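What follows is the residue order along each chain.
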Amino acid sequence: MKSLYKTVKIMSLAVLTLSLSNCTDELTTNSSTAISEETILSSTNQLNMVLNSVYKYILMGDNGSGSQNDACYAGLPGYCMYYDLTGADIMSTTNYGGSPEMCYRAAPERTQSTGDYSKRIWVNMYKAINQANIILDALPDATGEDSEKNDLKGQCLAIRGICYFNLIMNYQQTYAIAKDKRGVILRTSSSDPESMGFSTVQQCYDQILKDLKEAKTLLAGYDRTDMWRLNADVVSGQLARVYQVMGDWSNALSEAKSVYDKYNTLMTENEWYSGFDNFLTDGCKEVIWGVKYTNLTNISSNTEFNYWYNQDPSYGEGMTDGPIYCFINLLVDGKYVELFDDGDYRGRRCDKTTGVTDADVKNVMFWHRANNGDSETRRKWAYNKFKYYGDANGAKQGNTYPELPLMRGSEMLLIMAEAEANQGNTGTALSYLTTLQSARNVANLTTTTVKDDLLEAIYVERRKELLGEGVTGMYDLLRLQKPLYRYGSSSTNPAGHYSWGMMYLDNFNASDAQPYGYLPSNDYRFICQIPQLELANNEVISNADQNPFSGQ
């Protein structure tokens, strides 16, 4: 395997200055021409600078061509769109195209090895893994305090575990049915040979758990200075996610509860209506992990906030009409809106389809783009969850500096509910579920303790609470082995999916009275193929290792 995937050289010090905060440990030199890699790797202070570049990979992304700005592939924040756009609840217009529209359409090029997209998660995650391995290998000989080395090692192991988790989620079917199938390539040292074979899915999960559990121990005393850094709480939350996918409910419960006990002040109605921005600055107590974009770390106009079509009516319907550059892409499906009852403040809506004003949408979550030039789009629902108005200096493409939560206490509470239900403790599971529902003013609280019905209620609550945060949509469909169903726009369902979001799904017939399409559970059309460049350059793997494009 050539250097694109295996050998990632230490980034230049000029690039390393583009770290994720303005803290005093940033490098400020403008040139690295006189500084050797041995010098860069010789102390914990310098290695922490390298670690900042690893965070940059996972929080800003890299699409394989050196650019960090590729929407659904812009690191973990981009995956918050990627996973949901291949689900049932979000739809994309064709205003901008690019990866959001392509993911929404479930187009073949999203996953086929011959296209440009199947490699993007692969490249991004392996670049972070390889960079983390360089740090891990350099730590024993570096100067610095043991406590500093433990902090660095813990963060690198956590990053590696998170990266492998995202790789195995996207390049093979889910754990429950694929333990013995081909997984991904496990690289745990910068000195690994250039050509390596695949490990099984089970071996990949074993490594993920090993990395995360060791990271949690090492970070037990680590007091992070920035919310984008990984500490023991974030690692426990990530372990809860991994155990959830594996169906290890006892451990999922234990890890999620250990985090929720610290982050159990659920956000208020005002915080929900804030547009999910300024969470870190305002000190929202539910946020466990999040990233704040700055003038040094913004990814231009490719944050999730730039894609949601939710600017107030007075700003108009164009990309540059509002306070930020808006691609007017993302709307929500009408059947998603129907999940919310009248009391639930997450689902308040304005049903007007003409003459909508700013006052109409001020205290609602869902409303129609009544003045849009396209008659079909006027019938769709805009969504106010992710709302950001920039620096108030007009529409500027690069000035998008919002704050995005990557893990919240409510997710941990729902993992606890799901874990208890799966262990037969339905009464406790119900109490966890209704704790969240009550906090959101849900009028029709769930009352069932029948296991399957209760689990379904929990899954629905995940969609209502966590949409756009990277753990619903395709993420849930795969781990739960559920099919994807979308219902198209029709006379009785005008806010349904666009036809281009149906054309690659099974059973779609545009002339049906209520057109619908579906992908069977675990269909390989959800799963990316191994990138062709990997197959071409890695001498010990072959096309026989490739995922099929479709089928189960």
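Throughout this description, residue numbers start from 1 for each chain and increase along the sequence as written. For a predicted model such as this one, the threshold for reporting local features is a pLDDT of at least 70, and the threshold for listing and counting side-chain atom pairs is 80 or more; totals across whole chains, interfaces and linings nevertheless cover every residue. Each side-chain value is worked out from all heavy atoms of the structure, with water and hydrogens disregarded.

**Student:** Before we go on, may I ask you to explain the overall build of the chain in this structure?
**Tutor:** Looking only at helices and strands, the chain features 20 helices and 9 strands. At 23 Å, the chain has a C-alpha radius of gyration in line with the 24 Å of a compact globule built from 552 residues. On the principal axes, the C-alpha backbone points of the chain span a range of 65 × 55 × 45 Å. Evaluated residue by residue, the chain yields a buried proportion of 62% over its 552 residues. Contacts are assigned to residue pairs that have any heavy atoms within 4.5 Å of one another. Within the chain, contacts between residues separated by at least 24 positions form 69% of all contacts whose residues are at least 6 apart in sequence. Methods summary: accessible areas were calculated by the Shrake-Rupley approach with a probe of 1.4 Å, and residue burial reflects only the protein chains presented. Accessible surface computed for the chain: about 19200 Å², of which carbon and sulfur atoms make up 45%. Strands here mean DSSP runs of E at least two residues long; helices mean DSSP runs of H or I at least four residues long; both are numbered from the N terminus. Taken over C-alpha atoms, the radius of gyration is set against a globule rule of 2.2 Å times the number of residues to the power 0.38. With a 1.4 Å probe rolled over the protein chains alone, any residue whose accessible area is under 20% of its type maximum counts as buried; one over 50% counts as exposed, and the rest are partly exposed.

**Student:** Can you help me understand empty space enclosed by the protein in this one?
**Tutor:** The probe, sized like a water molecule, is rolled over the atoms to show the empty space still left. In this analysis a 1.4 Å probe is tested at points of a 1 Å grid over the protein atoms alone, and where it fits but cannot get out there is a cavity; an open set with protein on both sides within 12 Å along at least five of seven lines is a pocket; lining residues have an atom within 4 Å of a point. Grid points are joined across faces, edges and corners, and a volume is the space filled by probe spheres set on the points. What the rule picks out here adds up to 3 cavities of 30 Å³ or more. By volume, the largest cavity is sized at about 190 Å³. Lining the largest cavity are 15 residues; nearest its centre among them are Leu 76, Asn 166, Arg 241, Gly 470 and Val 471. Of all the elements in the fold, those that place two or more residues in the lining of the largest cavity are α4 (75-85), α7 (146-171) and α10 (232-246). Ranked by the residues each element gives to the lining of the largest cavity, the list is headed by α4, at 4 residues. Each residue receives one of three labels: charged for Asp, Glu, Lys and Arg, nonpolar for Ala, Val, Leu, Ile, Met, Phe, Trp, Tyr, Cys and Pro, and polar for the others, Gly being one of them. A class-by-class count of the residues in the lining of the largest cavity yields 10 nonpolar, 3 polar and 2 charged. Reported here for the second largest cavity is a volume of approximately 60 Å³.

**Student:** Even after reading the chapter, I still don't get the packing of helix α3 (residues 44-60) against α7, so can you show me in this structure?
**Tutor:** Each pair of packed helices can be described by the angle between their axes along with the distance between the axes. The axes are straight lines fitted to the C-alpha atoms, using for helices just the contacting stretch, and the angles between their N-to-C directions are given from 0 to 180°. In the contact formed by α3 and α7, the axes pass within 11 Å of each other and the chain directions differ by 20°. Taken together, the axes of α3 and α7 are roughly parallel relative to one another. Taken as a pair, α3 and α7 cross one another with a handedness that is left-handed. Residues Thr 44, Leu 47, Asn 48, Leu 51, Val 54, Tyr 55 and Ile 58 of α3 touch α7, and the partners they reach there are Glu 148, Lys 149, Leu 152, Gln 155, Cys 156, Ile 159 and Cys 163. Small angles under 35 degrees read as roughly parallel and large ones over 145 as roughly antiparallel, with 65 to 115 read as roughly perpendicular and the rest as oblique. Put simply, a crossing is left-handed when the front helix is turned counterclockwise from the back one by less than a right angle, and right-handed when it is turned clockwise.

**Student:** It is not clear to me how the environment of Arg 110 should be interpreted in this structure. Could you clarify?
**Tutor:** Turning to its location among the elements, Arg 110 is positioned in the loop between α5 (98-105) and α6 (120-138). With relative accessibility at 0%, the residue Arg 110 sits in the buried group. Between the C-alpha atom of Arg 110 and that of Phe 526, which follows or precedes it by 416 residues, the distance is 9.0 Å. In this structure, Arg 110 is in contact with Tyr 73, Tyr 82, Thr 86, Met 102, Cys 103, Tyr 117, Ser 118, Met 474, Arg 525, Phe 526 and Cys 528, ignoring residues within four places of it in sequence.

**Student:** How should I be thinking about the pattern of salt bridges in this particular structure?
**Tutor:** Basic side-chain nitrogens of Lys or Arg form a salt bridge, by our definition, when they fall within 4 Å of a carboxyl oxygen of Asp or Glu. Tallied over the entire structure, the rule returns 35 salt bridges. Notably, a salt bridge pairs Asp 344 with Lys 464, separated by 3.6 Å at the nearest N-O pair. Here the residue Asp 344 occupies a position in the loop between α14 (334-337) and β4 (349-350), and Lys 464 occupies one in helix α18 (residues 451-466), the gap between them amounting to 120 residues. Assessed through its relative accessible area of 0%, Asp 344 is described here as buried. Overall, the relative accessible area of 5% leaves Lys 464 in the buried class.

**Student:** Where do I start with the pairing of strand β9 (residues 516-519) in this structure?
**Tutor:** One face of the sheet, then the other: side chains in a regular strand alternate in exactly this way. Burial along β9 is one-sided: the residues Gly 517 and Leu 519 are buried and none of Tyr 516 and Tyr 518 is. The rule for pairing is simple: two strands pair if DSSP sees at least two bridges between them. One ladder, built from 4 bridges, connects strand β8 (residues 484-487) with β9; its direction is antiparallel. Counterpart to Tyr 485 in the pairing with β9 is Tyr 518.

**Student:** Any chance you could explain the packing of helix α9 (residues 201-218) against α10 here in plain terms?
**Tutor:** Contact geometry of α9 with α10 gives a least axis separation of 9 Å together with a crossing angle of 155°. In terms of axis orientation, α9 runs roughly antiparallel to α10. The interaxial crossing formed by α9 with α10 has left-handed handedness. In this structure, α9 uses Tyr 205, Ile 208, Leu 209, Leu 212, Lys 213, Ala 215 and Lys 216 to contact α10, whose residues at the interface are Ala 232, Val 235, Ser 236, Gln 238, Leu 239, Val 242, Tyr 243, Val 245 and Met 246. The class makeup of the residues in the contact of α9 with α10 is 12 nonpolar, 2 polar and 2 charged.

**Student:** What am I meant to see in the side chain of Lys 380 here?
**Tutor:** Among the secondary structure elements, Lys 380 is positioned in the loop between β5 (366-368) and β6 (381-383). Separated by 2.5 Å, the side chain of Lys 380 and the backbone oxygen of Gly 496 make a polar contact. Lys 380 has contacts with Met 91, Leu 331, Trp 367, His 368, Arg 369, Ser 489, Pro 494, Ala 495, Gly 496, His 497 and Tyr 498, leaving out every residue within four places of it along the chain. We call two N or O atoms a polar contact when they sit within 3.5 Å, provided that within protein one can donate a hydrogen and the other can accept it, with sequence-adjacent residues counted only if both atoms are side-chain atoms.

**Student:** Please clarify how the packing of aromatic side chains should be interpreted in this entry.
**Tutor:** Aromatic rings in a pair are described by how distant their centres are and how their planes are angled relative to each other. Within 6.5 Å between ring centres, the rings of Phe, Tyr and Trp (the latter by its six-membered ring) count as paired, and their orientation is classed by plane angle as stacked under 30 degrees, edge-to-face over 60, tilted in between. Under the definition given, this model contains 35 aromatic pairs. Between Phe 305 and Phe 386, the aromatic rings sit 5.7 Å apart at their centres with planes inclined by 90°, giving edge-to-face as the arrangement. With Phe 305 in helix α13 (residues 304-307) and Phe 386 in the loop between β6 and β7 (403-408), the pair connects residues that are 81 residues apart, well separated along the chain. One exposure class covers both Phe 305 and Phe 386, and it is buried. Among the aromatic residues, those joined into a ring-pair cluster are Trp 272, Phe 276, Phe 279, Phe 305, Trp 308, Tyr 336, Phe 340, Phe 366, Tyr 383, Phe 386 and Tyr 388. Placement of a charge over a ring requires the Lys NZ or Arg CZ to be within 6 Å of the ring centre, with the centre-to-atom vector within 35 degrees of the ring normal. The residue whose ring lies beneath Arg 120 is Tyr 73, and the NZ or CZ to ring-centre distance is 5.8 Å.

**Student:** Would you mind showing me how to read helix α11 (residues 249-260) here?
**Tutor:** One turn of an α-helix holds 3.6 residues; hence residues three or four places apart share an orientation. Take the residue count of a helix, subtract one, and multiply by 1.5 Å to get its expected span. Compared with the 16 Å implied by 1.5 Å per residue over 12 residues, the 16 Å span of α11 between its first and last C-alpha is a close match. Turning to α11, its buried residues number three or more, namely Trp 249, Ala 252, Leu 253, Glu 255, Ala 256, Val 259 and Tyr 260. Structurally, α11 contributes buried residues whose contacts are with α9, α10, β2 (287-292), α16 (409-422), α17 (426-439) and α19 (474-479).

**Student:** Sorry, what's going on with α6 here?
**Tutor:** Over its 19 residues, α6 extends 27 Å from the first C-alpha to the last, a length consistent with the 27 Å expected when each residue adds 1.5 Å. The buried fraction of α6 is high, at 18 of 19 residues.

**Student:** Just to check I follow, could you spell out the layout of surface pockets for this structure?
**Tutor:** For the largest pocket, the calculated volume is near 360 Å³. Taken together, 19 residues make up the lining of the largest pocket; nearest its centre are Ala 88, Arg 463, Leu 477, Lys 482 and Pro 483. Only α18, α19 and β8 provide two or more residues apiece to the lining of the largest pocket. In terms of residues, the lining of the largest pocket owes the most to one element, α18, which gives 4 residues. Of the residues assigned to the lining of the largest pocket, the class counts are 9 nonpolar, 3 polar and 7 charged.

**Student:** Looking at this structure, how should I read the confidence of the model for the chain?
**Tutor:** Do not read the fine detail of predicted coordinates wherever pLDDT is low. In this model, the chain carries a mean pLDDT of 90, and residues with pLDDT of at least 70 account for 90%. Low pLDDT, under 50, characterises residues 1-35; the predicted model gives this stretch 91 contacts beyond four residues in sequence or across chains. Within a predicted model, pLDDT stands for the predictor's per-residue confidence, ranging from 0 to 100.

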